[in-house]
Amino acid sequence: MSVGKILAIKGKAVVTTSAAQSLHEAARMLSEHRIGAVVVTDARGSVDGILSERDIVKAVAKGGAAALEDKVSDHMTRRVVTCVAASSINQVMEVMTAGKFRHVPVVLDGRLDGMISIGDVVKHRLAELEHESASLREYITAS
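Every chain begins its residue count from 1, and numbering advances along the sequence as written. It should be noted that, the model being predicted, local features are given only for residues of pLDDT at least 70 and side-chain atom pairs only at 80 or more, the latter also being counted only at that level, while totals for whole chains, interfaces and linings use all residues. Hydrogens and waters are ignored; side-chain quantities use all the structure's heavy atoms.

Peer 1: Please clarify how the overall build of the protein should be interpreted in this entry.
Peer 2: When helices and strands are counted, the protein shows 5 helices and 5 strands. Secondary structure follows DSSP: runs of H or I at least 4 residues long count as helices, runs of E at least 2 residues long count as strands, and numbering of each begins at the N terminus. Listing each helix as α and each strand as β along the protein from the N terminus yields α-β-α-β-β-α-α-β-β-α. With the C-alpha coordinates of the protein rotated into their principal frame, the extents come out at 70 × 35 × 25 Å. To sort residues, take the accessible area from a 1.4 Å probe on protein chains only and compare it with the maximum for the residue type: under 20% means buried, over 50% means exposed, and anything in between is partly exposed. The buried share among the 143 residues of the protein stands at 32%. When checking whether two residues touch, look at their non-hydrogen atoms; a contact exists if any pair is within 4.5 Å. Sequence separation of 24 or more characterises 57% of the internal contacts of the protein that already satisfy a separation of 6 or more. Throughout, the Shrake-Rupley method with a 1.4 Å probe supplies accessible areas, and for residues the shown protein chains are the sole cover considered. On the protein, roughly 8800 Å² of surface is accessible, and the fraction owed to carbon and sulfur atoms is 54%. In this tally Asp and Glu are treated as negative and Lys and Arg as positive; neither His nor the chain ends contributes. To locate a charge, the coordinates of NZ of Lys, CZ of Arg, CG of Asp or CD of Glu are taken. If you average the places of the 18 positive and of the 17 negative side-chain charges in the protein, the two averages end up 3 Å apart.

As structure tokens, then:
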């Protein structure tokens, strides 16, 4: 299965922020939307970075509560690993596992086109395994 097929099912909506917003506002967005990361985009929709819960925790651990007034740009991950709709789920799983992160923005023509999370990957991989298992059971009982 491809990333594009997952996006077709779950949708392409992504919560984004600007690099100039405060960590406090970004944390509020994460809480409000019940998500683990927010993509940092520029005015054209290009991916400038990603800010995760872990990034905020690191900032507060280092700078205390005052860090929440810092800009997102001060703490975001700038080198964002992205994928495209044609990427396979197996490719994305490998990238997430190797990089130890849970969110991968999907890009199209240099602009944000969606987001895939480890939860999406696991959900669809489990569905595939259940389908394979049911097919094998059906084949065995039909013989």
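The discussion continues.
Peer 1: Quick question: what am I supposed to make of unusual backbone geometry here?
Peer 2: With the exception of glycine, the majority of residues adopt a negative phi angle, and the majority of peptide bonds are in the trans configuration. We note that R34 has phi near 55°; this positive angle belongs to a residue other than glycine. The residue R34 is located in the loop between α2 (23–33) and β2 (37–41) in this model. The class of R34 is exposed, set by a relative accessible area of 78%.

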